[in-house]
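Understanding the architecture of this molecule
Given next are the chains, with one letter for each unit.
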Amino acid sequence: EICRPTHATNIGMSAASAVAAAIAEALTPGADLFSVYRASLYGAREGFRMAGTLGRPVAGPNVEARIKLAAGIAMKATNLEDACRKIGESVGTGLPAAEAVPAAIGLMIAAGGDPLKTIAACSTAGDDTDTVAIIAGSIAGALYGFDAVPSGLYKQMLTANPGMDLEGMAHRIYKKKKKKYPSLQ
């Protein structure tokens, strides 16, 4: 329901729910790349179903089917560059949710879930690279955690964005969630 203001269509809700479910699974202890992939399919399916009553139908491709297509391409690719090219050609890496979300999940699978490789692959795949990279990077980062980011890169990002209190924002979000969910680690 949280995606309704901006994604109140069957495709938008399906894509947003796929990402939400993938991140939720990635944050679950014991999660792995395959369980995150399965969660994205579940989210896409449930988002599409919920859009039947909460959203409106629009013509376009099925997000769940596109995620399966992107994952299949990723698993058959000879290397990460091959996956980028083939996913871009077959699924697309543009702004439409039915391209960006499946491409992000497929490229994350092709990169083995490694957050930096995932972001790099998405950044070079062409078209709407920043959208695809932030989606895939968020999922991969949730799966492998903050320690997967080299401290030098993190410090470089903080230096390049001096006006943004990213650490403070993260702590405020955590504090708010911890209050609502006391068992949160």
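Right, let's walk through the structure included here. Throughout this document, residue positions are counted from 1 along each chain, in the order its sequence is written. Selection of residues for local features in this predicted model requires a pLDDT of at least 70, selection of side-chain atom pairs for listing and counting requires 80 or more, and totals for whole chains, interfaces and linings are taken over all residues. Values reported for side chains reflect all heavy atoms of the structure, with hydrogen atoms and water molecules removed beforehand.

**A few points about the overall build of the protein**
The helix and strand labels rest on DSSP assignments: H or I over at least four residues marks a helix, E over at least two residues marks a strand, and numbering proceeds from the N terminus. In terms of helices and strands, the protein carries 10 helices and 0 strands. Here a residue-residue contact requires only that any non-hydrogen atoms of the pair lie within 4.5 Å. Considering only contacts within the protein whose residues lie at least 6 apart along the sequence, 66% involve residues at least 24 apart. Of the roughly 10,500 Å² of accessible surface on the protein, a fraction of 60% belongs to carbon and sulfur atoms. Two residue types count as positive, namely Lys and Arg, and two as negative, namely Asp and Glu; His and chain ends fall outside the count. Lysine's charge is taken at NZ, arginine's at CZ, aspartate's at CG and glutamate's at CD. Considering the protein, the positive charge centre built from 19 side chains and the negative charge centre built from 16 side chains are found 9 Å apart. Accessible surface area values rest on a Shrake-Rupley calculation with a 1.4 Å probe, where residue burial reflects the displayed protein chains alone.

**A few points about helix 4 (residues 63–76)**
Residues that lie three or four places apart on an α-helix share one face, since the helix turns once every 3.6 residues. Multiplying one less than the number of residues by 1.5 Å gives the expected span of a helix. Compared with an ideal rise of 1.5 Å per residue, which puts 14 residues at 20 Å, helix 4 spans 20 Å between its outermost C-alpha atoms and is within 8% of the ideal. Only protein chains enter the accessibility calculation, which uses a 1.4 Å probe. A residue is then buried if its area is under 20% of the maximum for its type, exposed if over 50%, and partly exposed in between. All of the buried residues in helix 4 are Val63, Glu64, Arg66, Ile67, Ala70, Ala71, Ile73 and Ala74. Elements that come into contact with the buried residues of helix 4 comprise helix 2 (10–26), helix 3 (33–54), helix 5 (80–90) and helix 6 (97–110). Identification of polar contacts relies on pairs of N or O atoms within 3.5 Å, with a donor-acceptor requirement for protein atoms, meaning one able to donate a hydrogen and the other able to accept it, and with residues adjacent in sequence counted only if both atoms are side-chain atoms. Measuring from the side-chain oxygen of the N-cap residue of helix 4 to the backbone nitrogen of Glu64 gives 3.0 Å; that N-cap residue is Asn62.

**Thoughts on a nonpolar patch on the surface**
Excluding any residue in a salt bridge, patches collect residues exceeding 30% relative accessible area, merging like charges within 9 Å and nonpolar Val, Leu, Ile, Met, Phe, Trp and Tyr side chains within 5 Å. One side-chain nitrogen of Lys or Arg within 4 Å of one carboxyl oxygen of Asp or Glu is enough to make a salt bridge. On the surface, a cluster of nonpolar side chains totalling about 200 Å² of accessible area is made up of Leu116, Val149 and Leu153. With respect to the element layout, Val149 can be found in the loop between helix 8 (129–144) and helix 9 (151–160).

**What about the packing of helix 3 against helix 6?**
Axis separation between helix 3 and helix 6 bottoms out at 11 Å; the angle between their running directions is 170°. Taken together, the axes of helix 3 and helix 6 lie roughly antiparallel to each other. Contact with helix 3, carried on its side by Leu33, Val36, Tyr37 and Ser40, involves Ile105, Met108 and Ile109 of helix 6 and no other residues of that element. Lines fitted to the C-alpha atoms define the axes, with helices restricted to the stretch that makes contact. Angles between their N-to-C directions range from 0 to 180 degrees. Oblique is the label for any angle not under 35 degrees, not over 145, and not in the 65 to 115 range, which are roughly parallel, roughly antiparallel and roughly perpendicular in turn.

**Observations regarding the environment of Asn79**
Within the fold, Asn79 resides in the loop between helix 4 and helix 5. Taking the C-alpha atoms as reference points, Asn79 and Ala111, separated by 32 residues in sequence, lie 8.8 Å from one another. Of note is the side chain of Asn79, whose polar atom sits 3.2 Å from the backbone nitrogen of Glu81. Of note is the side chain of Asn79, whose polar atom sits 2.7 Å from the backbone nitrogen of Asp82.

**Thoughts on the packing of helix 5 against helix 6**
Running from N to C, helix 5 and helix 6 point in directions that differ by 165°, and their axes come no closer than 9 Å. Judged on the interaxial angle alone, helix 6 and helix 5 are roughly antiparallel. Here helix 5 and helix 6 pass one another in a crossing that is right-handed. Between helix 5 and helix 6, the contacting residues are Leu80, Ala83, Cys84 and Ile87 on the first element and Ala103, Gly106, Leu107 and Ala110 on the second. For the contact of helix 5 with helix 6, the class distribution of residues is 7 nonpolar, 1 polar and no charged. Note: crossing handedness is left-handed where the near helix turns anticlockwise from the far helix by less than a right angle, and right-handed where it turns clockwise. In this count, Pro and Cys sit with the nonpolar residues alongside Ala, Val, Leu, Ile, Met, Phe, Trp and Tyr, while Asp, Glu, Lys and Arg are called charged and the others, Gly among them, polar.

**Topic: the pattern of salt bridges**
Per the counting criterion, the structure on display carries 7 salt bridges. The partner of Glu89 in a salt bridge is Arg85, and the shortest N-O contact between them spans 3.5 Å. Of this pair, Glu89 and Arg85 both sit in helix 5, 4 residues apart, which is roughly one turn of that helix. For Glu89, a relative accessible area of 57% gives the class exposed. Residues participating in the shared-partner salt-bridge network are Asp82, Arg85, Lys86 and Glu89.

Read these as layout, nothing more, since geometry by itself doesn't imply function.
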